[in-house]
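# Summary of the model geometry
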2 protein chains.
Amino acid sequence: MLGQYLRDDNVLTGRRQRGFSHERDLLMKLWKKGFAVMRAPASGARARRFAVPDLVAIKNGVVFAFEVKTMREQRDLYVPGHQVSKLREFIRRSGGYAFIAVKVIGSGSGWRFVPLDQAEETPGGNYKVSVEKFSLGLTIKDIIALAEKHKSIDEFFFK
Amino acid sequence: MLGQYLRDDNVLTGRRQRGFSHERDLLMKLWKKGFAVMRAPASGARARRFAVPDLVAIKNGVVFAFEVKTMREQRDLYVPGHQVSKLREFIRRSGGYAFIAVKVIGSGSGWRFVPLDQAEETPGGNYKVSVEKFSLGLTIKDIIALAEKHKSIDEFFFK
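Predicted, not measured: the structure shown is a model, and the values here were computed from it.

### Concerning the interface of chain A and chain B
Size of an interface, as often reported, equals the accessible area lost when the parts are brought together. Across the boundary between the two partners, chain A contributes 24 residues, which contact 24 residues of chain B. Counting residues per element, the ones that place at least two in the side of chain A that touches chain B are α2 (14–32), β1 (36–39), β2 (55–59) and α3 (81–94) of chain A. In terms of residue count, β1 of chain A provides more of the side of chain A that touches chain B than any other element does, 4 residues in total. When its residues are assigned to classes, the side of chain A that touches chain B shows 15 nonpolar, 6 polar and 3 charged.

Pasting the structure below:
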């Protein structure tokens, strides 16, 4: 658990740097679609006392909080429990929607957005996004439809 | 103008560091009151392509964007035009309210929040918050009342 925090906070690693460039890609796409967008500060322990998602996008008073993930091939994705907690806590306060934003690098396919409540808790307290859930994930167009209130989240998923 | 940007972006100056500690103070207060809060990344030119306020706080789907200012004594405050523009652009996209958050350091009085449209444009394209407007500014309690929709912004100001 401590190791996880250390890895996340070390902005100098290549891995984290690559993560930032994909975050910027998503940020730019949402900005072009008319969203107000904000990335989390690349900060240390102090900022971690507050629940802050990787990326927040807002349009029309509708708030979207994203945990941003990339993978090199389509596979089950595991999200650490503390990342799910901070996303959930942020949205509990702000209102709106929490998503895991996933991109398969080099696949040519775009971002997929999996609602947080579609992730399954593992016995170890982390969360799994299965390949099936990933492929059912929303697209950027769907996110825009939610923001413009043309669709409700229930129209995408039957719970 | 360029000088202004350079000063803003240099996170190593004492002035900017002090600014951050006051931002954190405001962040903490809003967090304790149940807001989702996010500070702008302390980043360079790249992030500046997007309009990002110093601080964003959200509660109940109501968005507040703040430009954070401190002063050593109560006086007219001048805000650079580009800071007003980014605040305005963010809120145009997100919906919600834009404020200049001001604290007079060492005065013992708390934060005051002046709605952006109460700042007066100067002939040079910057904005002035007069001492009168400052003293009419909202308190944290008023911000909470707005978030909880107990009050509308028009109840605070007669335009």
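Now that the structure is up, let's keep going.
### Side note on the confidence of the model for chain A
Summary statistics for chain A give a mean pLDDT of 85 and a share of 82% for residues scoring 70 or more. Taken over the whole predicted complex, pTM reads 0.85, whereas the ipTM for its chain interfaces reads 0.84.

### Things to note about the sheet that holds β2 of chain A
All names here are of chain A. Pairing is mixed in the open sheet, where 5 strands are placed in the order β1-β2-β3-β5-β6. Looking along the sheet, the strands with just one partner apiece sit at the ends: β1 and β6 (112–115). In this sheet, neighbouring strand axes are inclined to one another by 30 degrees on average, regardless of whether the strands run parallel or antiparallel. Bridge count for strand β5 (residues 97–104) against β6 is 4 bridges, and the pairing is antiparallel.

### What to know about helix α5 (residues 140–147) of chain B
Residue and element names in this part refer to chain B. When we look at burial in α5, the residues that qualify are Ile143, Leu146 and Ala147. Taken around the axis of α5, the buried residues stretch over an arc of 100 degrees, which confines them to a single face. The secondary structure elements touched by the buried residues of α5 are β2 (55–59), β3 (62–71), β5 (97–104) and β6 (112–115). Just past α5, the residue Lys149 takes up positive phi, approximately 60 degrees.

### Looking at the relation of the copies chain A and chain B
Between chain A and chain B, which share one sequence, the superposing operator has a rotation angle of 180 degrees and an axial displacement of 0.0 Å; the RMSD is 0.0 Å. This pairing of chains is accounted for by a two-fold axis. Relative to the rotation axis, the C-alpha of Pro41 of chain A is the closest in chain A, positioned 2.0 Å from it. A share of 100% of the interface residues of chain A reappears at the interface of chain B, consistent with the copies meeting face to face through the same patch.

Here is what the cut-offs are and how they apply
Residues numbered from 1 in each chain as written. Chains lettered and ligands numbered in written order. Predicted model: local features only at pLDDT ≥ 70, side-chain atom pairs only at ≥ 80, totals over all residues. Contact = placed C-beta atoms within 7 Å. Helix = DSSP H or I, 4+ residues; strand = E, 2+ residues; numbered from the N terminus. Nonpolar A, V, L, I, M, F, W, Y, C, P; charged D, E, K, R; others polar. pLDDT = per-residue confidence, 0-100. Pairing = 2+ DSSP bridges. Axes fitted to C-alpha atoms, helices over the stretch in contact; angles between N-to-C directions. Buried ≥ 20, exposed ≤ 12 C-beta atoms within 10 Å, placed from the backbone. Arc of directions from axis to C-beta. Least-squares fit on C-alpha atoms with pLDDT ≥ 70 in both.

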